[in-house]
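This is what each chain is made of:
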Amino acid sequence: MLKSFAAVTDENSRILVVGTMPGEASLKAGEYYAYKYNHFWPIIFSLFNGGEALTFYEDKLTLLLSARIGLWDSLRNCRRRGSLDKDITEEKPNNFKLLFKKRPGIKRVVFNGQAAKRFFAAHNRLEDGREYLLMPSTSPANASKSFEEKLALWRAALTLREY
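Structural notes, computed from the coordinates. (Residues numbered from 1 in each chain as written. Predicted model: local features only at pLDDT ≥ 70, side-chain atom pairs only at ≥ 80, totals over all residues. Heavy atoms only, no water.)

Turning next to the sheet that holds strand 6 (residues 108-112). Overall, parallel pairing links the four strands, which are arranged 3-2-6-7 in an open sheet. Because the sheet does not close on itself, it has two edges, and the strands there are strand 3 (69-73) and strand 7 (131-135). Taken over all neighbouring pairs, the strand axes of this sheet differ in orientation by 25° on average, direction set aside. Alignment of strand 6 against strand 7, held across five bridges, turns out to be parallel. Bridge pairing in strand 7 places Arg-108 opposite Glu-131. (Pairing = 2+ DSSP bridges. Helix = DSSP H or I, 4+ residues; strand = E, 2+ residues; numbered from the N terminus. Axes fitted to C-alpha atoms, helices over the stretch in contact; angles between N-to-C directions.)

This is the structure in structure tokens:
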């Protein structure tokens, strides 16, 4: 049984990026989006750090939180061979009701791909006053869009407006 990571949020979080379950490289590293070909961190660096990559995970999380963005996954546990979402079985959801109670400032939830939304929606309401957006997965398995196309879409989703 695989186990996801704790939510990365603070009292200033306004946007929550929701993935499905960390892949093998991320689980091994103990870091969200650790696979070197995933576009998540390059998108974040492009949007919030002038395109300059950060090496240390804690610095990446600090950058994300300074942009008022948090991270979590739809699933707390699951079984899966490899890293593909299509291979997930025996999934157990994370407790978003509790997270949203603890972090009421989160007003927008951005799904990193179809599977993240599907697993989230199976256990949570999407009509709770928050804005829910589906973005193309940043995974390299999603080759349907170029980095530049993903960047443009993610830019719109991660642009914070006052609520």
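Next comes the rest of the description.
Two strands in a sheet stick together by hydrogen bonds in their backbones, pointing the same way (parallel) or opposite ways (antiparallel). Strand order in the open sheet made by the three strands is 1-4-5, with antiparallel pairing throughout. Two strands bound the open sheet, and with one partner strand each, they are strand 1 (2-3) and strand 5 (89-93). One ladder, built from two bridges, connects strand 1 with strand 4 (residues 75-79); its direction is antiparallel. Of the residues in strand 4, the one forming a bridge with Lys-3 is Asn-77.

Let's shift gears to the packing of aromatic side chains. On inspection of all chains with the given rule, the structure shows 13 aromatic pairs. Arranged with centres 5.5 Å apart and planes meeting at 70°, the rings of Tyr-35 and Tyr-37 form a pair that is edge-to-face. Note on Tyr-35: relative accessible area 41%, which makes it partly exposed. Taken together, the aromatic side chains of Phe-5, Tyr-32, Tyr-33, Phe-40, Trp-41, Phe-45 and Trp-154 make up a single cluster linked through ring pairs. (Phe/Tyr/Trp six-rings, centres within 6.5 Å; stacked < 30°, edge-to-face > 60°. Buried < 20%, exposed > 50% of the residue type's maximum accessible area, 1.4 Å probe, protein only.)

Taken N-terminus to C-terminus, the directions of helix 2 (residues 40-48) and helix 6 (residues 147-158) make an angle of 60°; their axes are 10 Å apart at the nearest point. Overall, the two elements helix 2 and helix 6 adopt an arrangement that is oblique. Seen along the crossing, helix 2 lies across helix 6 with a hand that is right-handed. Across from Pro-42, Ile-43, Ile-44, Ser-46, Leu-47 and Phe-48 in helix 2, the residues of helix 6 making contact are Phe-147, Lys-150, Leu-151, Trp-154, Arg-155 and Leu-158. (Parallel < 35°, antiparallel > 145°, perpendicular 65-115°, else oblique. Left-handed = near helix turned anticlockwise from the far one by under 90°. Contact = heavy atoms within 4.5 Å.)

A word on the pattern of salt bridges. Counting across every chain of the model gives four salt bridges. Across the pair Glu-131 and Arg-108 runs a salt bridge, and its minimum N-O distance is 2.9 Å. Residue Glu-131 is found in strand 7, and its partner Arg-108 is found in strand 6; the two are separated by 23 residues along the sequence. Glu-131 sits in the partly exposed class, given a relative accessible area of 23%. Arg-108 sits in the buried class, given a relative accessible area of 4%. A salt bridge links Arg-130 to Asp-128; the nearest nitrogen and oxygen atoms lie 2.7 Å apart. Look at Asp-128 and you get partly exposed, because its relative accessible area is 28%. (Salt bridge = Lys/Arg side-chain N within 4 Å of Asp/Glu carboxyl O.)

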